Protein chains: 2
Amino acid sequence: MKIIEGGVTAAKGFQAASTAAGIKYKNRKDMAMIVSEVPCKAAGTFTSNLVKAAPVKWDQKIVKESSFAQAVVINAGIANACTGAEGYAYCQETAAVVHEMLDIPEEAVCVASTGVIGMQLPMDRLAAGIRAMVPALDGSLAAGTEASRAIMTTDTRNKEIAVQFEIGDKTVTVGGMCKGSGMIHPNMCTMLAFVTTDLAISKELLQEAVSEDVKDTYNMISVDGDTSTNDTLLVLANGLAGNAVITEKNEDYEKFRKALNVINETLAKKMAGDGEGCTALFEVKVVGAESKEQAVTLSKSVITSNLTKAAIFGHDANWGRILCAMGYSGAQFDPERVDLFFESAAGKIQIIENGVALDYSEEEATKILSEPEVTATADIKMGEASATAWGCDLTFDYVKINADYRS
Amino acid sequence: MKIIEGGVTAAKGFQAASTAAGIKYKNRKDMAMIVSEVPCKAAGTFTSNLVKAAPVKWDQKIVKESSFAQAVVINAGIANACTGAEGYAYCQETAAVVHEMLDIPEEAVCVASTGVIGMQLPMDRLAAGIRAMVPALDGSLAAGTEASRAIMTTDTRNKEIAVQFEIGDKTVTVGGMCKGSGMIHPNMCTMLAFVTTDLAISKELLQEAVSEDVKDTYNMISVDGDTSTNDTLLVLANGLAGNAVITEKNEDYEKFRKALNVINETLAKKMAGDGEGCTALFEVKVVGAESKEQAVTLSKSVITSNLTKAAIFGHDANWGRILCAMGYSGAQFDPERVDLFFESAAGKIQIIENGVALDYSEEEATKILSEPEVTATADIKMGEASATAWGCDLTFDYVKINADYRS
């Protein structure tokens, strides 16, 4: 498997387009479309929030009930959440416009929205956006990159990645893009992410691979502890790679799992590292755990601690807050056996041994914590299981962005 | 029952003192003591964090095993948490100094610490502080107020309150003080709080009253979602009011419950309203719930949402974030039946009805949200139960305080 250029248009038969529909932002693109030349197997995971946006309800139905999907329409600026029957009707109207122009059945058109909750979409502009995008659909890598830019809200960077691997003499490509910066918290996939592949695979195994992989990727990141109403991961597989259709968990399936994991982990880390206002990606590893579940609970508790996040912003080796956050996580462990290390491109340092501080150099610790990617590793010395979670620091800019997001 | 002046020295037979021991802060008092003339029944609740500070372990033992308590020694600046056997030994040494000077048994001397985790206490300064305080012990209201100032860390205001009520011809007084501004999250009592009363009551009923009351008071506040290692509520009852000892849940017990509730709710709200860097107390009421538990879960989810807290800082009626936070709380309800109201000294406004926004005035909503105390009420129309939680806004200053807390 190798990482290649591109995103959602890297795999065979996928095209993308984007446009400035004027939904909420001015002077920038705010809509994107992904279309496959041929019908795709579709899998997805969605927000666990009880308050689900209309597009989430629409896509859940497609993933569950439709035999295939072939297009996705995405808008930024308005989330189409808490919009009642009117909001849901707009999903259907969006699909109807695509159907009219591309002859794809309405029930094969996924939709996704991100932005402010509670406002209704300007359906006329949305429809005009689709009409502008369809003639511009393009399979170039640049078109995919443009699409990944169009779906940004408070993101500061677009996020895409693609990989290739071989099945027999066939080359399979998997590419993806996502957006996500605020209202990001691990519970299902808390963002919008779109992965396309030309792999041939059964719908059941595609869904299983996706459902398994989100546990280690999107569900392990947090920016602010707020699980969105709109979180959506859609994976479309159109089969154009020409491999023998994967219908069982064989070696080929494992190759795809590995490729999917690289795509999802990379996109997830890109979101955490581009958290609203953040200056650093904060990785927390818990090792020596009795069970994976225990390691997950502990690592997620640390990345969601506001106090720890503020300390990372301050490049402050305030390890007590990490131990504190592990302590209130609900997982059992012996605080007096914990070893803790900080690590980054600037070096590695042990801070505590068996729960008590070592005589480490604060200066060196601060240097290590001043890098854009910082890792804390806690060894709880109970077993062999481990987990890694990704978050970011809590900064003035996070507050600034969210104190006047709507204005 | 009436609210009176004073705090921990308001009840008969309680004295306080405070001093600048130089433990960490310069040019300010950082130690306080409370002493009762006579032995007290003691009750307490403590942090649920698995990582418990040494003083928490010490006090838990006293509340559980000692027949009485008579003194409390408190320091600010260093939390004596994650300090191993050495830290626990300092609790005993502190008690030994009090025993030496006041002839109170070591096992009747409670200790409490707040501040940085992981540093060892300078025991010599702590001992010198006690030696300086004992001759200065004083039953005046001013001495209690000074003590409430000495235990502050990032608090901007000292916090105390006292009430009186009658049992037969006897006047009973209950007074309290607390500190707490950061690392405040509802799970047990997340702060240091000390309540003194001259009530005569059995130890069992005192503990029961305290344990019940924290559920509706301290456990319903949050500043930042971080449950501290040091949270302690201690209630000392010395019996000097002269009432017939309360040994059953009679009318007198209910009077005390009511007084205790006023003390605890007032102190809890003072902490939430003085959250690190905050500009507003944010009260969230959930009404029309099927059960108290459901209302508690929903209201706490809203006050702990960073996005909602940032919106309150921005005086932004971003109600979608409130509905979103209710949605990911884990409690079941129908988002499409929710009514939501904002209220403050500036007025009251309904924002959503049955889950969808009304055509309310943003200007009026912003005016209401610009007051120092703001209430959001969500009616979920399922039953008769309700709960109230208290938090605060998330501000630049919260980040500032916590990015360089140790420096």
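The coordinates are above.
Residues numbered from 1 in each chain as written. Chains lettered and ligands numbered in written order. Predicted model: local features only at pLDDT ≥ 70, side-chain atom pairs only at ≥ 80, totals over all residues. Heavy atoms only, no water.

(A) Fine view of the overall build of chain A. Within chain A, the secondary structure is distributed over 11 helices and 15 strands. Relative to the globule expectation of 22 Å for 407 residues, the C-alpha radius of gyration of chain A, 22 Å, shows essentially globular dimensions. Judged by the C-alpha coordinates and their principal axes, chain A covers about 70 × 55 × 35 Å. Residue burial in chain A is summarised as follows: out of 407 residues, 63% are buried. Considering only contacts within chain A whose residues lie at least 6 apart along the sequence, 80% involve residues at least 24 apart. Positive and negative side-chain charges in chain A, numbering 37 and 54 respectively, have mean positions lying 4 Å apart. (Helix = DSSP H or I, 4+ residues; strand = E, 2+ residues; numbered from the N terminus. Rg over C-alpha atoms; globule rule 2.2 N^0.38 Å. Buried < 20%, exposed > 50% of the residue type's maximum accessible area, 1.4 Å probe, protein only. Contact = heavy atoms within 4.5 Å. Lys, Arg positive; Asp, Glu negative; His and termini not counted. Charge placed at Lys NZ, Arg CZ, Asp CG, Glu CD.)

(B) The arrangement of the pattern of salt bridges in detail. Under the defined criterion, the tally for this structure stands at 24 salt bridges over all chains. Residue Lys215(B) is joined to Glu212(B) by a salt bridge in which the shortest nitrogen-to-oxygen separation is 3.0 Å. Of the two residues, Lys215(B) and Glu212(B) are both situated in helix α5 (residues 203–216); the distance of three residues between them amounts to about one turn of the helix. For Asp339(B), the salt bridge is made with Lys381(B), and the minimal N-O distance between the two is 2.8 Å. Here the residue Asp339(B) occupies a position in strand β11 (residues 339–344), and Lys381(B) occupies one in the loop between β14 (373–379) and β15 (385–392), the gap between them amounting to 42 residues. Beyond isolated ion pairs, a larger network of salt bridges with shared partners links Lys29(A), Glu146(A) and Arg149(A). (Salt bridge = Lys/Arg side-chain N within 4 Å of Asp/Glu carboxyl O.)

(C) Representation of the relation of the copies chain B and chain A in the model. Superposition record for chain B on chain A: RMSD 0.0 Å, screw rotation 180°, translation along axis 0.0 Å. A rotation of that kind, with that shift, is consistent with a two-fold axis. For chain B, the smallest separation between a C-alpha atom and the rotation axis is recorded for Phe396(B), amounting to 2.5 Å. Taken as a fraction of all interface residues of chain B, those also at the interface in chain A reach 100%, which identifies the copy contact as same-surface. (Least-squares fit on C-alpha atoms with pLDDT ≥ 70 in both.)

(D) View of the packing of helix α7 (residues 292–303) of chain A against helix α9 (residues 319–327) of chain A. Residue and element names in this part refer to chain A. Remark: α7 packs on α9, axes separated minimally by 8 Å, with the N-to-C direction vectors making an angle of 130°. Judged by the angle between their axes, α7 and α9 are oblique. For α7 against α9, the interelement crossing comes out right-handed. Mapping the contact onto sequence places Leu298, Ser301 and Val302 in α7 and Ile322, Ala325 and Met326 in α9. (Axes fitted to C-alpha atoms, helices over the stretch in contact; angles between N-to-C directions. Parallel < 35°, antiparallel > 145°, perpendicular 65-115°, else oblique. Left-handed = near helix turned anticlockwise from the far one by under 90°.)

(E) Broad picture of the sheet that holds strand β10 (residues 281–289) of chain B. All names here are of chain B. Taking strand neighbours across the sheet as the criterion, the six strands line up as β13-β12-β11-β14-β10-β15 in an open arrangement whose pairing is mixed. A single partner strand is all that each edge strand has here, and the edge strands are β13 (356–357) and β15. In terms of strand pairing, β10 meets β15 through seven bridges, oriented antiparallel. Opposite Val284, over in β15, you have Ala389 as the bridge partner. Contacts between helix α6 (residues 251–273) and the sheet are confined to β10 and β15, with β15 contributing the most and set at about 45° to the helix. (Pairing = 2+ DSSP bridges.)

(F) Broad picture of the side chain of Asp198(B). All names here are of chain B. Turning to its location among the elements, Asp198 is positioned in the loop between β8 (192–197) and α5. Despite being buried, Asp198 has no salt bridge partner; Lys12 is the closest side chain of opposite charge, sitting 5.0 Å away. A distance of 2.9 Å separates a polar side-chain atom of Asp198 from the backbone nitrogen of Lys12. Not counting residues within four places of it along the chain, the set of residues in contact with Asp198 comprises Ala11, Lys12, Phe14, Thr171, Val172, Thr173, Asn238, Gly239, Leu240, Ala241 and Asn243. (Polar contact = N/O pair within 3.5 Å; in protein donor to acceptor, adjacent residues only side chain to side chain.)

(G) Structural context of the sheet that holds strand β12 (residues 347–353) of chain A. Residues and elements named next belong to chain A. On the basis of which strands lie adjacent, the open sheet formed by six strands has the order β13-β12-β11-β14-β10-β15 and mixed pairing. This sheet does not close on itself; its edge strands, each paired only once, are β13 (356–357) and β15 (385–392). Those strands touched by helix α6 (residues 251–273) are β10 (281–289) and β15, and its axis lies near 45° from that of β15. Against the sheet, α7 makes contact with β10 and β15, and its axis sits at roughly 20° relative to β15, the strand it touches most.

(H) Fine view of the interface of chain B and chain A. Counting from both sides, the interface comprises 52 residues of chain B and, opposite them, 52 residues of chain A. Regarding the contact of chain B and chain A, the summed buried area is about 4,300 Å², with carbon and sulfur atoms giving 61% of it. Counting every contact that joins chain B to chain A gives two salt bridges. Glu336(B) is the partner of Lys57(A) in a salt bridge, and the nearest nitrogen-oxygen pair spans 3.4 Å. The interface formed by chain B and chain A contains nine residue pairs in polar contact (both at pLDDT 80 or more). Every element with two or more residues in the side of chain B that touches chain A is listed here: α8 (306–313), α9 (319–327) and α11 (396–403) of chain B. When grouped by side-chain class, the residues that make up the side of chain B that touches chain A number 25 nonpolar, 17 polar and 10 charged. (Buried area = accessible area lost by both parts, 1.4 Å probe. Nonpolar A, V, L, I, M, F, W, Y, C, P; charged D, E, K, R; others polar.)

(I) Examining the nonpolar core more closely. If you look at the biggest cluster of nonpolar residues, it comprises 135 residues, and the most contacted ones within it are Ile74(A), Phe194(A) and Met326(B). The next biggest cluster of nonpolar side chains, apart from the first, holds 134 residues, and it includes Ala209(A), Leu281(A), Val97(B) and Ile130(B). (Core = buried A, V, L, I, M, F, W, Y, C linked by side-chain atoms within 4.5 Å.)

(J) Just the side chain of Asp393(B), in detail. Residues and elements named next belong to chain B. Here Asp393 shows up in the loop between β15 and α11. Buried within the structure, Asp393 lacks any salt-bridge partner; Lys309 is the closest side chain of opposite charge, at an N-O distance of 7.2 Å. A distance of 2.4 Å separates the side chain of Asp393 from the side chain of Thr279, its partner in a polar contact. Not counting the four nearest positions on each side in its chain, Asp393 is found in contact with Cys278, Thr279, Ala280, Lys309, Ile312 and Phe313.

(K) Representation of the environment of Thr114(B) within the structure. Residue and element names in this part refer to chain B. Here Thr114 is to be found in strand β5 (residues 109–116). Taking the relative accessible area as the measure of exposure, Thr114 reaches 8% and is therefore buried. On a C-alpha basis, the gap between Thr114 and Ile78 in space is 5.6 Å, while along the polypeptide they are 36 residues apart. Those residues within four positions of Thr114 in sequence are excluded, and the remaining contacts are Asn75, Ala76, Gly77, Ile78, Ala79, Ile151, Thr153, Lys179, Leu192 and Asn230.

(L) Structural context of the pairing of strand β12 (residues 347–353) of chain B. Residues and elements named next belong to chain B. Inspection of the sheet shows β11 paired to β12 by five bridges, in the antiparallel sense. Counterpart to Glu343 in the pairing with β12 is Lys348. Hairpin connection from β11 to β12: two residues lie between these consecutive antiparallel strands. By the bridge criterion, two bridges tie β12 to β13 in an arrangement that is antiparallel. Within β13, the residue paired with Glu353 across the bridge is Val356.

(M) α7(A), seen in detail. The end-to-end C-alpha distance of α7(A) is 17 Å, a good match for the 16 Å that 12 residues give at a rise of 1.5 Å each. Taken as a whole, α7(A) has its buried residues at Gln294(A), Ala295(A), Val296(A), Leu298(A), Ser299(A), Ser301(A), Val302(A) and Ile303(A). (Expected span 1.5 Å × (residues − 1).)

(N) Region of the structure containing the packing of aromatic side chains. Residues and elements named next belong to chain A. A full pass over the atoms with the stated rule returns four aromatic pairs over all chains. Pairing Phe313 with Phe396 gives two aromatic rings, centres 5.4 Å apart and planes at 85°, and the pair type is edge-to-face. Of this pair, Phe313 sits in helix α8 (residues 306–313) while Phe396 is found in helix α11 (residues 396–403), placing the two residues 83 residues apart along the sequence. Residue classification places Phe396 among the partly exposed positions, given a relative accessible area of 31%. The residue whose ring lies beneath Arg28 is Tyr25, and the NZ or CZ to ring-centre distance is 4.1 Å. A cation over an aromatic ring shows up here: Lys348 above the ring of Phe341, its NZ or CZ 5.2 Å from the ring centre. (Phe/Tyr/Trp six-rings, centres within 6.5 Å; stacked < 30°, edge-to-face > 60°. Lys NZ or Arg CZ within 6 Å of the ring centre and 35° of its normal.)

(O) Here's a closer look at the pairing of strand β9 (residues 232–237) of chain A. Residue and element names in this part refer to chain A. Among the six residues in β9, six count as buried, and that is most of the element. Residues Thr232, Leu234 and Leu236 point to one face of β9 and Leu233, Val235 and Ala237 to the other, with burial holding for every one of them. Alignment of strand β3 (residues 31–46) against β9, held across six bridges, turns out to be antiparallel. Across the sheet, residue Ala43 finds its bridge partner in β9, namely Val235.

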